[in-house]
Amino acid sequence: MIEEAWTSTESTARSVALACLDRGIEAAHPSTVTDSSLSVDDGRFVVSAESHSEDLVYDLEAYDRVLVLGGGNASGQFARELEELFGDHLSGGAVVTDDVEPTDVVEVVEGDHPVPTDRCVEGARRVLSVAESATANDLVVGCITGGGSALLAAPAADLALSDLQSTTEALLSSGASIDEINAVRKHLSAIKGGRLAQAVAPATVVGLTLSDVVGDDLSVIASGPLVPDPTTYADALAVLDRYGIDPPAAVADHLEAGAAGTHSETPTADDSVFDDVTTSILANGWTAIDAAREAATEQGYDTVVLSSSVEGEASEAGKTHAAIARECAETGNPASPPVVLLSGGETTVTLADDPGQGGPNQEFVVSAAAELADEPIVVAGVDTDGIDGASDAAGAVVLATEIDSADAREALARNDAGTLLDDVDALLRTGPSGTNVNDLRLFVVGE
C-alpha cells in the first residue's frame, strides 16, 4: 500500500523506507492479526494474545447468538475477517468505520474521522440498539480500534452533535494528549467510557482491540467503550481549563452537572457490568515497529528502535530524532551506518491561528529534515491509519537534502508542512489503511 502510493524517483534508501513502512502497516492489519491470534475449530472460538497468559476459549454452541459490535478505523476490515472466521456461528452485529468493507451479516455503517458527523451518530446509535438487544445467552465480540472515539459518536442525552464537534476540534488543536482528549469525550457520550458494556450486559463479552494509544491503556483506546473508566467529570473539566478551552454552554453545563452528581459517572472497575467482559490487545504500535525492523534487516541494514512511546510536540520530536540520526552518520553512535532508526508513539501539534496543511507526521518529517538538510538521510513518518491529522495524506518520505531549512521553519511556524512536502513530491497518499496502531517513523542512514 505505501509503496504503491509513492510516485517520486526511487533511491535505495527511499525503497528501504517504503518497504519498512509497508511491512509495519501490513503486520497490524486485521487480516494479519486475525490469522495469527484467532481461530474457530470444532465450535470453539480461541483467542491467543500476549495480553493473556493463557488462551481464551469460548464454546460457541453454548450461546444463542454471536454478535459483533464496535467501531474504529479498522473495524470494517475486522468485521469482514470475523465473518469469514465465524461463518454460520455469527448471528449479526454492527460497527462504525471510515473504511467500509462489504459484509453479509455484520452491518458496517460509514462514519467520519477525526471530527464526528451525523453518520457517526447514526452508526453509534445502531451499535447501541444491537447491544441493548443482547441477553445473558449471547456472546458479543467487540471490535475496538483506534479512531473509535470519533466514529462512535453518541452524544449524551442533553447534548447535540454540534457540541461534540466544536469541543473535539478545540481539543485536537490544543496540543492535549489523547488520554486528556478522551477524558472529555467519554463524559459527553452515551457509549464511551464503559457505557457500551453497560448496554450489552449481561451478555458475555470478548473485546478484540487494535491499540493506537501509547501504553495500551484500554480505557483510552477508542475512549474505552467496553472497559472501566478511571476518569471523572471533574477530570474532564480540568482538561478544558488546562488548555484554555471555552466549550459550548451545553458542554460546560453537562460536565458541571456531572461533577455535582446530577449525572451518573461512567462505570468504574467495581461495576458488575464488567463481570463477564474480557478484552485482548491483538496489535499495537510495537507490532508495526517490529515488522518494519525485520524488513530493514532483510535489506541488510542494522536497526535501532529509539522508542515505541514518543509523545509531545511533533516538531520537537523531529529535532530530537534528527540529532540521533546525525550522530549515527558522523560518529557511528548508537549504531554505525547503514542503519535504520525506528520509533512509534503519538505526537501532537498545537495549531496556530489560520493553520495551513499537514499533520503530526508531516510536521515531524519537516522538522527532522530541517535539522539534517546537509545530510543524505531519508526521513519518514506516517500515521498507520492512512490519515495524518485532518489531512489527505498518511505522512511523508523525504531525502533531507531536498528540504531547505529556512523554508521548513517558515512552514512549521504556519503549521503548513504538508504544502512544503507536496512541493517536493514527498507526501504519501494511501487512503485508509484498514488499521490504526499509532505513528511509525524512521530514518535511513546510509553508508
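Parameters at a glance
Residues numbered from 1 in each chain as written. Predicted model: local features only at pLDDT ≥ 70, side-chain atom pairs only at ≥ 80, totals over all residues. Heavy atoms only, no water. Helix = DSSP H or I, 4+ residues; strand = E, 2+ residues; numbered from the N terminus. Rg over C-alpha atoms; globule rule 2.2 N^0.38 Å. Contact = heavy atoms within 4.5 Å. Areas by Shrake-Rupley, 256 points an atom, 1.4 Å probe, with all protein chains shown as cover. Lys, Arg positive; Asp, Glu negative; His and termini not counted. Charge placed at Lys NZ, Arg CZ, Asp CG, Glu CD. Buried < 20%, exposed > 50% of the residue type's maximum accessible area, 1.4 Å probe, protein only. Polar contact = N/O pair within 3.5 Å; in protein donor to acceptor, adjacent residues only side chain to side chain.

**Student:** Sorry, what's going on with the overall build of the protein here?
**Tutor:** A count of helices and strands for the protein gives 15 helices and 15 strands. A globule of 447 residues ought to have a C-alpha radius of gyration of about 22 Å, and the protein, at 22 Å, matches this closely. Counting only C-alpha atoms and orienting by the principal axes, one finds that the protein spans roughly 65 × 55 × 35 Å. Pairs at least 24 residues apart make up 78% of the contacts formed inside the protein by residues separated by at least 6 positions. Surface summary for the protein: the accessible area is close to 16,600 Å², and the carbon and sulfur share equals 43%. Separation of charge centres in the protein, based on 20 positive and 78 negative side chains, amounts to 2 Å.

**Student:** Sorry if this is basic, but what is going on with the side chain of Asp-416 here?
**Tutor:** Its place among the elements puts Asp-416 in the loop between helix H14 (405–413) and helix H15 (417–423). On the basis of relative accessibility, which here comes to 11%, the residue Asp-416 falls in the buried class. Polar contacts involving the side chain of Asp-416 include one to the main-chain amide nitrogen of Gln-357, which spans 2.8 Å. At 2.7 Å, the side chain of Asp-416 forms a polar contact with the side chain of Thr-419.

**Student:** I tried to follow the side chain of His-187 on my own but got confused; where do I start?
**Tutor:** Inspection of the secondary structure assignment puts His-187 in the loop between helix H7 (178–186) and helix H8 (195–200). Since its relative accessible area comes to 1%, His-187 is described here as buried. In terms of polar contacts, His-187 uses its side chain to reach the side chain of Glu-265, at 3.3 Å.

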